[in-house]
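Summary of the model geometry
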Amino acid sequence: MTYASGDPASGPTRRSTLAGLIGGAGAVLATGCTAAGGSPAPDPTPTSRAWATAAMGNPTPGAMTLFKDPGFNFNGLLALGSAGYGAGEVGEVLTAVNTINKAGLSAQTYTETFKNLGEQLSGPPGNGKPGNQTTRFRALRAAQYYAQALFFVLGSDTPGSEQQLYQAGRDAWDTFCGLCDPPPVTAHVPYGGRAPLPVWFFRPDTSGKRRPTVILTNGSDGQNVDMWTYGVPAALQRGWNALVYDGPGQGQLLFVDQTVFTPRWETVVTPLVDWLSARPDVDTGKIALTGLSMAGDLAPRAAAFETRIAALVAMPGVLSPWLGFPPEIRKILTPDKQQTNAIWNNDVVPQLPPPAAATMKKRFEPFSIPAMLAARQGKMFTDFYTPAMLIKSLDITDVVPRIKMPTLVLDYEDEQFYPGQPRQMYDRLTCPKDYVKLTAATGAQLHCSPMAPQQHCEVVFDWLQQKLPTG
């Protein structure tokens, strides 16, 4: 690792838009910890380097290449890497990989294989009645495998099962949580008169001791199990509390309550800080906030306005999620809604190959309920303009200088979704700041270090303990 301290869219021509989309739109999935997908094809334009994973000198050599398709491979690596915290099993994942490759890699085979694995683990093992710890960790792994299936279900033969798959994964997560010792405190935190925020408050014990607390923020398509892998046990092992939650555009609020992302993430975090501040086992002067994947944009936005946050970690730093899309996608958006949607519906959608179409459905659903509901019916959304404008409004470039608390910005070698943005965020920060780049030298390359979440947590929590030491 390396360590350091201290464009208006123009209207595209039909030819250029179609050429770019057909060449590279299969890789436009880019924001949650379980991100990347479809069937990416290298984009011939040099500005699309972030999406042409295969053109980056093979950032996952040898045994790190589970699937030839870099999008599926990234997801598989996340499942494999989660084994370090019990949220996956190496043998189970590799067996699933072999099953998928033998059947022929597709959204259908991937979804079906991991769904079946989740269902197997949701029942008792074949060798007798399981104890609580066996049931607990089987449920955690089931949550991981359901999340894997959920990610690709819109490209499968059963897109209408999306909510049921989400619920299966959520049930597995809740089973796991109920068997933790102590189990997390659960609640529904009011959120501006809309659907409340479900929270899971993990504690090392029930002593009531005031402790530093970290609020773990997920990206646009991750599930609760990812917050276990990227923070909960690491926090508990160091004597910290950890809060996991679903915000708008995530988990329950998206798939059940049908609430999309908000660009004002402080309206999400402030009620959480209020809730934590009312607890006697929270040291209110030591509340940290982390943001994984696209939440490397959301968490800094919240911290710029919620001054009770004592330390911030962006994993990675993200200034503009919209710039994570290839330029061919961004060029569809014009200042005029009617013109934009005409280009989308008349010129682009009819030419999209099925994998690219599935990718676009998945990528846009957290920003548009009509898009999500259409996708579940096997249809493409018709309003590109509205969700694209919402994504564009998440830009925090001008907000970052407002951040006052100590901030750690993570970056990753071969970052495939937001290349360059972490360093740009670090440079714009005016607060006490640090920058760490995780590298291929220790297998921690790629967005979110999917093969090295333990290294990832070591960096984050060593830094947090330095800034907010336990008493």
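Everything here concerns the structure above.
In this text the structure is predicted, and so the values were computed from the model without any measurement. (Residues numbered from 1 in each chain as written. Predicted model: local features only at pLDDT ≥ 70, side-chain atom pairs only at ≥ 80, totals over all residues. Heavy atoms only, no water.)

This paragraph deals with the nonpolar core. By size, the foremost hydrophobic cluster in this structure holds 148 residues, and its most contacted members are W173, F202, I215, F384 and L464. Of the residues forming this core, the biggest block, 11 residues, is contributed by helix α5 (residues 132-152). Other than its neighbours up to four places away in sequence, L464 contacts V214, W240, A288, A311, V313 and P469. (Core = buried A, V, L, I, M, F, W, Y, C linked by side-chain atoms within 4.5 Å. Buried < 20%, exposed > 50% of the residue type's maximum accessible area, 1.4 Å probe, protein only. Helix = DSSP H or I, 4+ residues; strand = E, 2+ residues; numbered from the N terminus. Contact = heavy atoms within 4.5 Å.)

With that settled, the discussion passes to the packing of aromatic side chains. For the structure on display, the rule yields 26 aromatic pairs. Ring centres 5.3 Å apart and planes at 25° place the aromatic pair Y166 and F255 in the stacked group. Of the two residues, Y166 is situated in helix α6 (residues 162-178) and F255 in helix α9 (residues 251-255); the sequence distance between them amounts to 89 residues. The pair Y166 / F255 is uniform in exposure class, with both members buried. In this structure an aromatic cluster arises from ring pairing among F67, F72, Y110, F114, Y145, F151 and F152. Sitting over the face of the ring of Y435, R423 holds its NZ or CZ atom 4.6 Å from the ring centroid. Directly above the aromatic system of Y426 lies the positively charged group of K433, at a separation of 4.5 Å from the ring centroid. (Phe/Tyr/Trp six-rings, centres within 6.5 Å; stacked < 30°, edge-to-face > 60°. Lys NZ or Arg CZ within 6 Å of the ring centre and 35° of its normal.)

We now examine helix α17 (residues 421-428). An α-helix turns once every 3.6 residues. As a result, residues three or four positions apart point the same way. The set of residues buried in α17 consists of Q421, P422, M425 and Y426. Relative to the axis of α17, the buried residues are bounded by an arc of 140° and lie together on one face. (Arc of directions from axis to C-beta.)

Turning to the packing of helix α2 (residues 70-81) against α5, a few remarks are in order. Where α2 meets α5, the closest approach of the two axes is 10 Å, and the angle between their N-to-C directions is 165°. Here α2 lies roughly antiparallel to α5, going by the angle between them. In this structure, α2 meets α5 at a crossing whose hand is right-handed. Note on element contacts: α5 touches α2 through Q144, Q148, F151 and F152, opposite G71, F72, N75, G76, L78 and A79. (Axes fitted to C-alpha atoms, helices over the stretch in contact; angles between N-to-C directions. Parallel < 35°, antiparallel > 145°, perpendicular 65-115°, else oblique. Left-handed = near helix turned anticlockwise from the far one by under 90°.)

Turning our attention to the environment of A356. Relative to the elements of secondary structure, A356 occurs in helix α14 (residues 354-364). A relative accessible area of 5% places A356 in the buried class. Separated by 201 residues in sequence, A356 and G155 place their C-alpha atoms 9.2 Å apart.

Further remarks concern helix α10 (residues 266-277). Between its first and last C-alpha, α10 extends 16 Å over 12 residues, near the 16 Å set by a 1.5 Å rise per residue. Regarding α10, the residues found buried are E266, V268, V269, P271, L272, V273 and L276. Where the residues of α10 are buried, they touch β2 (185-191), β3 (194-202), β4 (211-217), β5 (241-245), β6 (282-292) and α11 (295-305). (Expected span 1.5 Å × (residues − 1).)

Here we come to the pairing of β2. As defined by bridge partners, β2 adjoins β3 across six bridges and the pair is classed as antiparallel. Bridging across to β3, T186 finds its partner in W200. (Pairing = 2+ DSSP bridges.)

Bringing the pattern of salt bridges into the picture now. Scanning the model with the defined rule gives 16 salt bridges in all. Two residues, R141 and E92, come together in a salt bridge whose shortest N-O distance is 2.9 Å. Placement of the pair is R141 in helix α5 and E92 in helix α3 (residues 90-103), with a sequence separation of 49 residues. We classify E92 as buried; its relative accessible area is 18%. Close ionic contact of R423 with D427 constitutes a salt bridge, the shortest N to O distance being 3.5 Å. (Salt bridge = Lys/Arg side-chain N within 4 Å of Asp/Glu carboxyl O.)

Here we come to the pairing of strand β7 (residues 311-315). Of all five residues in β7, five are buried, a share of seventy percent or more. Burial of β7 is two-sided: the residues A311, V313 and M315 facing one way and the residues L312 and A314 facing the other way are all buried. Pairing of β6 with β7, which is carried by five bridges, proceeds in the parallel orientation. Bridged to A288 within β7 is A311. The handedness of the β6 to β7 crossover, carried by α11, is right-handed. Here β7 pairs with strand β8 (residues 407-412) via three bridges, running parallel. In the strand pairing of β8, A314 is matched with V409. (Right-handed = clockwise from strand over helix to strand, strands pointing away.)

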